[in-house]
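Here is what each chain is made of, one letter per residue.
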Amino acid sequence: MNILVCVKQVPDTTEIKIDPVTNTLIRAGVPSIVNPFDGYALEAAARVKDKDPDTRIVAVSMGPEQAKAALKECLSIAADKAYLVSGRRFGGSDTLATSYILSRAVRKIEELEGIQFDAIFCGKQAIDGDTAQVGPEMAEHLGYPQVTCGLECRVTNEGLEVIREGENYNTRVAVSLPCVVTFTKPSWDPRYPSIKRRMAANRADIPVLCENDFPDMDDGRIGLKGSPTHVKRTFVPQRKTGGIKLEGEPGADLAKKLYKALNNAAVI
Amino acid sequence: MSGKNLLLTEEQRELAEMAAQIVNTELAPRVADLDRTGEFPMDVMEILRNSGFYGMGIPEQYGGLGFDNTTQMAIYEEIARVDAGFSFNFALASGEFGILEDAGASEELKKYYADKILSGSVCSFCLTESQAGSDASNISTTAVREGDEYVINGTKCFITNGALADLFMVFAYTDKSKGAKGISLFLAEKEDGVKIGKTEDKMGLKLSVTSEVIFDDVRVPASRLIGQEGRGFIYAMHALEKARITSMIHALGIAEHAMDIALDYAKVRVTFGKPIIKHQGLAFLLADMQKRVDAARAMLYYSAAVLDRGLAVGTLSPSTKIFVSETAMSVTTDAVQVLGGYGYMKEYPVEKLMRDAKVFSIFEGTNQINLMVSSGILEHMK
């Protein structure tokens, strides 16, 4: 089984603050981390490898040179090889352009590695943009079936079986290979990196794929030019405070409580 | 932050941060509870072991990482900042390979020991007895040769990891008539019939499990005699000379942790209209605490570098032991003072650090014994 894990380097949002005047993120001094959802995708791949040691895990990230740190982290946890997709003309790409570039990178890495990926694992979404679009869009560009919001997966004779998180219940989905699966937070914690892997990662060669590696890429579909999304305005949403929570079984009793509360507040 | 060893390499720093991330997530939230129950968190040990932090000092040809003392100490320092009892036990559990090398133990025995440790065995160093602490040659445990075996009898006390161990490096008399030159060293195993007596309820360092270890007609194969008969006491002294430096890293972790808490508190606690760090009385106290932490760290890593280069440590071993343990005690005592009434309360973590610090001036040779060792070296120095 060959698995490509797509990761994004993101600012650690637990440490981030927003400048109330300019409405922009204060990035100074904020550490960069591997997007946690991508960490779950890597762990899912590592669990496949635990059962079948012949599994090959390749990590890929698109971003500036600094994103190599995120790839190094993946190498110290479970990845066997890592590639960085980085180029000036890739800058400013929205999710559509990013997913297009990444889908081309899939083919390029397959060519370089001499393998075909059976599955592409992504995080459900990145904690900075929160769009949850890149994984599904990659599946479309590649013409692969997709399963989103995966909690865990298992290799079967037919392909993969993915437990998919739902709002009130989870579903078990069978998907044929090759496919794209995006992962969300499972009940277990991802494994920690190991010393030996970390030391090997420090010495690992992380090839960079730039524009020149994709001679037949459609220029109109990458970077700002290839991005139909335009940000009109960024703002900090106003915090709503107060509110009450009524608890109990749905039904007449709870409805009466709600009526009483609304009546007391003089809104009905 | 009370500072770090700035001379670490990028990789040493990264590995130390990896360990810090694990213990900050897995251990820190539980320390206060474990300090009450006196339990050793085996699960945290397991996580660290899975990441390769166990047996780091075992040479590469025996399957370890062959890390030098400086690298290991940089890692243990981060673990000790969270809990020194845990880091002390964790480090000692896999850290006695050097004794086998020093004793010129057979390849088979070295490989046997390394394989055991790297597959998760816990080792304990069994020297002290109720009548033989500072006066270590006064032990009464004996090992009598019978055919291809030695039969060991005696009771060891205050044994770190005793109750958790499956490997015991035990010192015993093979010939009492020769005095210290009649002591030999053996590797005994739990399955040879080693029994565990009472586990001590201590003042501090609660996460470090300390127990009595009983050898009642324990038969070990002659192949598990470490080095030569009659040289055990020398091996013990060599091991202690090194341990007096390396084990003080845990005391440094305590001092740093106390300093961090005191500093954070002094910046937010307001009296007479300003944070207490703005009052000169406390500002100077904090600066003086930091001075001691800085000096202890510098001394420890200097001594570690001397060990790593294979140079003679001489007085550095007892001096480092005494200075760092005294620093841990004085800095934690002062940290309690900085926190005032809150410092004295169990709800805040500094009283625990003060309790944890005390033992470092007692074990690995009391500070008085270390002064004796140091003055002995001075007397014979040219």
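Computed from a predicted structure; not experimentally measured.

**Describing the overall build of chain A**
1) Next: Per the secondary structure count, chain A includes six helices and 13 strands.
2) Next: For chain A, with 268 residues in total, the buried portion stands at 43%.
3) Next: Taking as baseline every contact in chain A between residues at least 6 positions apart, the subset at least 24 positions apart corresponds to 70%.
4) Next: Here chain A displays about 15,200 Å² of accessible surface, and carbon together with sulfur accounts for 50% of that area.
5) Next: Here chain A contributes 35 positively and 35 negatively charged side chains, and the mean placements of these two sets differ by 5 Å.

**Comments concerning the overall build of chain B**
1) Next: Along its length, chain B carries 13 helices and ten strands.
2) Next: The globule rule puts the C-alpha radius of gyration for 382 residues at 21 Å, and the 21 Å found for chain B is close to it.
3) Next: With respect to the principal axes defined by its C-alpha atoms, chain B has extents near 80 × 50 × 40 Å.
4) Next: Scored against the burial criterion, the 382 residues of chain B give a buried share of 54%.
5) Next: Sequence-distant contacts in chain B: of pairs separated by 6 or more residues, those separated by 24 or more amount to 74%.
6) Next: Carbon and sulfur atoms provide 54% of the accessible area of chain B, an area that totals close to 16,300 Å².

**Here we look at the nonpolar core**
1) Next: Residues Phe53, Phe86 and Phe215 of chain B are the most contacted members of the largest nonpolar core, which totals 125 residues.
2) Next: For this core, the leading source of residues is helix α9 (residues 248-268) of chain B, giving 13 residues.
3) Next: In this view, phenylalanine 53 of chain B contacts Ile195 of chain A together with Leu15, Met18, Ala19, Ile22, Leu48, Ile75, Tyr76 and Phe90 of chain B; residues no more than four positions away in its chain are not counted.
4) Next: By size, the runner-up hydrophobic cluster in this structure holds 40 residues, among which are Val5, Ala45, Ala46 and Ala82 of chain A.

**As for the interface of chain B and chain A**
1) Next: Counting from both sides, the interface comprises 17 residues of chain B and, opposite them, ten residues of chain A.
2) Next: Counting each side, the surface lost to burial between chain B and chain A is near 1,100 Å², with a carbon and sulfur contribution of 59%.
3) Next: Interface area lost by chain B to chain A is led by Glu11, Glu14 and Met18 of chain B, which between them contribute 41%.
4) Next: On inspection of chain B and its partner chain A, the count reaches three salt bridges.
5) Next: With a closest N to O distance of 3.1 Å, glutamate 14 of chain B and lysine 72 of chain A form a salt bridge.
6) Next: For the interface between chain B and chain A, the tally reads seven residue pairs in polar contact (both at pLDDT 80 or more).
7) Next: Where the side of chain B that touches chain A is concerned, the elements lending two or more residues are α1 (10-26) and α3 (42-50) of chain B.
8) Next: In terms of residue count, the dominant contributor to the side of chain B that touches chain A is α1 of chain B (eight residues).
9) Next: Considering only residue class, the side of chain B that touches chain A consists of eight nonpolar, six polar and three charged.

**Quick word on the sheet that holds strand β1 (residues 2-7) of chain A**
Strand pairing in a sheet relies on backbone hydrogen bonds. The paired strands run either parallel or antiparallel.
Residues and elements named next belong to chain A.
1) Next: With mixed pairing, nine strands are arranged side by side in an open sheet as β11-β10-β9-β12-β8-β1-β6-β7-β13. Since the sheet does not close on itself, it has two edges, and those belong to β11 (171-176) and β13 (208-209), each with one partner.
2) Next: Bridge count between strand β9 (residues 146-155) and strand β12 (residues 179-183): three bridges; the pairing is parallel. Across the sheet, residue glutamine 146 finds its bridge partner in β12, namely valine 180.
3) Next: Lying on the sheet, helix α2 (residues 68-77) is in contact with β1, β6 (56-62), β7 (81-85) and β13; it crosses β7 at an angle near 165°.

**Observations concerning the domain arrangement of chain B**
Note: interface size is frequently given as the accessible area lost on complex formation between the parts.
Residues and elements named next belong to chain B.
1) Next: According to the domain assignment, chain B contains domain 1 (10-118), domain 2 (123-230) and domain 3 (247-379).
2) Next: On the side of domain 2, 20 residues touch domain 1, which itself brings 26 residues to the contact.
3) Next: Together domain 1 and domain 2 conceal approximately 1,900 Å² of surface at their shared face, both sides included; 71% is due to carbon and sulfur atoms.
4) Next: The largest per-residue losses of area from domain 1 upon contact with domain 2 belong to Asn89, Ile99 and Leu109, which jointly make up 24% of the total buried on that side.
5) Next: Applying the counting rule to domain 1 against domain 2 returns one salt bridge.
6) Next: Between lysine 116 and glutamate 189 there is a salt bridge whose closest N-O contact spans 3.3 Å.
7) Next: Where the side of domain 1 that touches domain 2 is concerned, the elements lending two or more residues are α2 (31-37), α5 (84-93), α6 (97-102) and α7 (107-118).
8) Next: The element that contributes the greatest number of residues to the side of domain 1 that touches domain 2 is α5, accounting for seven residues.
9) Next: Looking at the side of domain 1 that touches domain 2 residue by residue, the classes come out as 18 nonpolar, three polar and five charged.

**A look at a nonpolar patch on the surface**
All names here are of chain A.
1) Next: There is a patch of nonpolar side chains on the surface, built from Ile244, Leu246, Leu258, Tyr259, Leu262, Val267 and Ile268 and spanning about 690 Å² of accessible area.
2) Next: Along the chain, valine 267 falls in the segment after α6 (252-264).
3) Next: By relative accessible area, valine 267 is classed as exposed at 55%.

**Side note on the confidence of the model for chain B**
1) Next: Residues of chain B with pLDDT of at least 70 account for 100%, and the chain-wide mean is 96.
2) Next: Prediction confidence for the complex, expressed as pTM and ipTM, is 0.88 and 0.85 respectively.

**Brief notes about the pairing of strand β10 (residues 159-164) of chain A**
All names here are of chain A.
1) Next: Of the strand pairs in this sheet, β9 and β10 are connected by five bridges, and their pairing is antiparallel. In the strand pairing of β10, valine 155 is matched with leucine 160.
2) Next: Across six bridges, β10 lies against β11 in antiparallel orientation. In the sheet register, isoleucine 163 faces β11, and the bridge partner there is arginine 172.
3) Next: Turn length for the β10-β11 hairpin, with the two strands adjacent in sequence and antiparallel, is six residues.

**Digging into the packing of α9 of chain B against helix α11 (residues 316-344) of chain B**
Residue and element names in this part refer to chain B.
1) Next: Where α9 meets α11, the axes come as close as 8 Å, and the angle between the chain directions of the two elements is 25°. The pairing of α9 with α11 is recorded here as roughly parallel in orientation. As α9 runs across α11, the sense of the crossing is left-handed. Taking contact as the criterion, the partners of Met248, Ala251, Leu252, Ile254, Ala255, Ala258, Met259, Ile261, Ala262, Tyr265 and Ala266 in α9 are, on α11, Thr320, Lys321, Val324, Ser325, Thr327, Ala328, Val331, Thr332, Ala335, Val338, Leu339 and Tyr342.
2) Next: Classifying every residue of the contact of α9 with α11 gives 18 nonpolar, four polar and one charged.

**Considerations on the pattern of salt bridges**
1) Next: Across all of its chains, the model carries 48 salt bridges over all chains by this definition.
2) Next: A salt bridge links arginine 47 of chain A to glutamate 43 of chain A; its shortest N-O distance comes to 2.9 Å. Pair noted here: arginine 47 of chain A and glutamate 43 of chain A are both in helix α1 (residues 36-51), with a separation of four residues, about one helical turn.
3) Next: For arginine 47 of chain A, a relative accessible area of 34% corresponds to the partly exposed category.
4) Next: Glutamate 189 of chain B serves as the salt-bridge partner of arginine 224 of chain B, at 3.4 Å between the closest nitrogen and oxygen.

**A few points about unusual backbone geometry**
1) Next: Following leucine 177 of chain A, the chain continues into proline 178 of chain A via a peptide bond in cis, with omega recorded as -5°.
2) Next: Secondary-structure assignment places proline 178 of chain A in the loop between β11 and β12.
3) Next: Residue phenylalanine 158 of chain B is not a glycine yet carries a positive backbone phi of 55°.
4) Next: Residue position: phenylalanine 158 of chain B is located in strand β3 (residues 149-160).
5) Next: A positive phi is found at aspartate 217 of chain B, a non-glycine position, where the angle reads about 50°.
6) Next: Within the element layout of this structure, aspartate 217 of chain B appears in strand β7 (residues 210-221).
7) Next: Classification of aspartate 217 of chain B as partly exposed rests on a relative accessible area of 49%.

Analysis parameters
- Residues numbered from 1 in each chain as written.
- Chains lettered and ligands numbered in written order.
- Predicted model: local features only at pLDDT ≥ 70, side-chain atom pairs only at ≥ 80, totals over all residues.
- Heavy atoms only, no water.
- Helix = DSSP H or I, 4+ residues; strand = E, 2+ residues; numbered from the N terminus.
- Buried < 20%, exposed > 50% of the residue type's maximum accessible area, 1.4 Å probe, protein only.
- Contact = heavy atoms within 4.5 Å.
- Areas by Shrake-Rupley, 256 points an atom, 1.4 Å probe, with all protein chains shown as cover.
- Lys, Arg positive; Asp, Glu negative; His and termini not counted.
- Charge placed at Lys NZ, Arg CZ, Asp CG, Glu CD.
- Rg over C-alpha atoms; globule rule 2.2 N^0.38 Å.
- Core = buried A, V, L, I, M, F, W, Y, C linked by side-chain atoms within 4.5 Å.
- Buried area = accessible area lost by both parts, 1.4 Å probe.
- Salt bridge = Lys/Arg side-chain N within 4 Å of Asp/Glu carboxyl O.
- Polar contact = N/O pair within 3.5 Å; in protein donor to acceptor, adjacent residues only side chain to side chain.
- Nonpolar A, V, L, I, M, F, W, Y, C, P; charged D, E, K, R; others polar.
- Pairing = 2+ DSSP bridges.
- Axes fitted to C-alpha atoms, helices over the stretch in contact; angles between N-to-C directions.
- Domains from an automatic or database assignment.
- Patch = residues over 30% accessible without salt bridge, like charges linked within 9 Å, V, L, I, M, F, W, Y side chains within 5 Å.
- pLDDT = per-residue confidence, 0-100.
- Parallel < 35°, antiparallel > 145°, perpendicular 65-115°, else oblique.
- Left-handed = near helix turned anticlockwise from the far one by under 90°.

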